[in-house]
Amino acid sequence: VPDLTRLRALPRAEVHAHLEGCFDAPLLEQWARRHGESMPRPVERLFEFQGLADFLEFLDWACGLVRTRDELAEAAYAFSRRMAASGTGYADLIFNPTHWHHWTARLPAMIDALDAGFRAAEQEGLPRVGLCVSLLRTQSAEAAVQVVDELVALRHPRVVALSIDGNEAAAGRTGPRFADAFRRAAAAGLRRTVHAGESSGPEGVRDAIELLGADRIDHGVRAIEDPSVVALLVERQIPLGICPSSNLVLKVYPSLAEHPIDRLRRAGVPVSINTDDPALLGTTLEREYALCAGAFGWSDEVLRDIARTSIDASFADARLKAELQ
Ligand code: ADE
Ligand code: ZN
């Protein structure tokens, strides 16, 4: 197993991390105390989750603690610090406004505050971040279109993509509901990244490609259950943003031995390794690489190949990609 220091030096990007999953316990405690909110459970058990639904509810509580512009900027800055500590060269960061209850209907102000935090970080030499503004699977078609129209009108250079996350299992088949929102985003030049094949099966991955025009799939691992969906990913070379520990903690797979990342890679699917929600899941990017290398016996060449794929799969501009490789 390669050591963490060597993995930190491997040129790579992170393409699947959520701002909502980047608060550590001391920061959450500090915000809760400041705003007179009680903790949902003792701090030692704060990050124990029963599954995706329970986890998403926790995100609502955590993001509800962020009330001021400075706190939002601080969250963004803290993410950049976390990336730098992992040796990550660039990140596409998913941000879902629906979790942040004190900011309802203030999307431009949120993006402006986050951008201030990222700019401060970049001025200190910390890595560049692109923002993927996310819809929630359980929201309405009208609400989704409204978010996209707002993004298109805003044309903020920090925003690189439209995303969709949340619980697919709670809502049945929802691809058709979001087709219009994703079509509008594409027409305005936004890239598209779609959570699918985590709480949905391979049919969710197919819908992400065929109905939502996904440039990249977040998770996508359950594509393995349908060879025709694997073939589609290979044929179109659509990359997956895979998060191994997340899939174990949130009970998609019981162990890494049963995780399909290596089978997908061998089939020719472009796979990348990511953290999803690093603070809440207690992991880092270099640790995710190390866990997979250990479980699947990957050589340095395989690790380098996956790291290269992560940069290719990112929404960084062409010049930055060339610099990172
Ligand atoms: N939001 C944050 N993490 C998520 C995940 N793993 N799946 C769906 N939505 C999420
Ligand atoms: Zn995710």
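Residues numbered from 1 in each chain as written. Chains lettered and ligands numbered in written order. Predicted model: local features only at pLDDT ≥ 70, side-chain atom pairs only at ≥ 80, totals over all residues.

The name given to the chain in an unreviewed UniProt entry is Adenosine deaminase, with Ramlibacter agri as the source organism. As recorded by UniProt, the Sequence similarities (unreviewed entry) comment attached to the chain reads in full: "Belongs to the metallo-dependent hydrolases superfamily. Adenosine and AMP deaminases family." Quoted verbatim from the Cofactor (unreviewed entry) field of the UniProt record, the comment on the chain reads "Zn(2+)". (UniProt positions renumbered as here; feature names shortened; annotations may be inferred.)

## As for the site of ligand 1
Taken together, His18, Glu20, Gly21, Leu52, Asp165, Gly166, His195, Glu198, Ser246, Leu250, Asp276 and Asp277 make up the full set of residues adjacent to ligand 1. Grouping the amino acids of the shell around ligand 1 by side-chain chemistry returns two nonpolar, five polar and five charged. (Near = placed C-beta within 6 Å. Nonpolar A, V, L, I, M, F, W, Y, C, P; charged D, E, K, R; others polar.)

## Regarding unusual backbone geometry
Despite not being glycine, Arg155 has its phi angle at roughly 45°, a positive value. You will see that Gln237, though not glycine, has its phi angle at about 50°, which is positive. Mapped onto the elements of the fold, Gln237 is located in the loop between helix H9 (227–236) and strand E7 (240–242). Residue classification places Gln237 among the exposed positions, given that 12 C-beta atoms sit within 10 Å. (Helix = DSSP H or I, 4+ residues; strand = E, 2+ residues; numbered from the N terminus. Buried ≥ 20, exposed ≤ 12 C-beta atoms within 10 Å, placed from the backbone.)

## What to know about the environment of Val271
Turning to its location among the elements, Val271 is positioned in strand E8 (residues 271–273). With 149 residues separating them in the primary sequence, Val271 and Glu122 have C-alpha atoms 28 Å apart.

## With respect to helix H7 (residues 175–187)
Its 13 residues give H7 an end-to-end C-alpha distance of 18 Å, which sits within 8% of 18 Å, the value for a rise of 1.5 Å per residue. Ala181 marks where H7 bends most, by close to 30°. Here H7 has its buried residues at Gly175, Phe178, Ala181, Phe182 and Ala185. For H7, the elements touching its buried residues are strand E3 (128–136), helix H6 (141–154), strand E4 (159–165), strand E5 (191–196) and helix H8 (202–210). Looking one or two residues beyond H7, the residue adopting positive phi is Gly189, at roughly 85°. (Expected span 1.5 Å × (residues − 1). Bend = angle between axes of the 7 residues up to and from the residue. Contact = placed C-beta atoms within 7 Å.)

## Points about the environment of Gly241
Relative to the helices and strands, Gly241 is located in strand E7. Here the alpha-carbon distance between Gly241 and Ala17, two residues 224 residues apart in the chain, equals 9.2 Å. Setting aside chain neighbours within four positions, we find Gly241 in contact with Val15, His16, Arg216, Ile217, Asp218, Ser272 and Asn274.

## Section: the sheet that holds E5
Taken in spatial order, the eight strands of this open sheet run E1-E2-E3-E4-E5-E6-E7-E8, and their pairing is parallel. Two strands close off the open sheet at either side, each with one partner strand: strand E1 (13–18) and E8. The average angle at which neighbouring strand axes cross in this sheet is 25°, direction not considered. Strands E1, strand E6 (216–219) and E8 of the sheet are contacted by helix H14 (residues 300–313), whose axis makes an angle of about 100° with E8. (Pairing = 2+ DSSP bridges. Axes fitted to C-alpha atoms, helices over the stretch in contact; angles between N-to-C directions.)

## Let's talk about the nonpolar core
In this structure, Leu93, Leu114 and Leu131 are the most contacted members of the largest nonpolar core, which totals 96 residues. For this core, the element with the highest residue contribution is helix H3 (residues 52–63), accounting for seven residues. Among residues more than four places away in sequence, those in contact with Leu131 are Leu93, Phe95, Ile111, Leu114, Arg158, Val159 and Val160. (Core = buried A, V, L, I, M, F, W, Y, C linked by C-beta atoms within 7 Å.)

## As for the packing of helix H4 (residues 69–85) against helix H5 (residues 107–123)
It is at 7 Å that the axes of H4 and H5 come closest, and there the two elements cross at 45°. In this view, H4 runs oblique relative to H5, as classed from their interaxial angle. Between H4 and H5 lies a crossing whose hand is right-handed. Where H4 approaches H5, its residues Arg69, Leu72, Ala73, Glu74, Ala75, Ala76, Tyr77 and Ser80 are matched on the opposing element by Met110, Ala113, Leu114, Ala116, Gly117, Phe118, Ala120 and Ala121. Here the contact of H4 with H5 is composed, by residue class, of 12 nonpolar, two polar and two charged. (Parallel < 35°, antiparallel > 145°, perpendicular 65-115°, else oblique. Left-handed = near helix turned anticlockwise from the far one by under 90°.)

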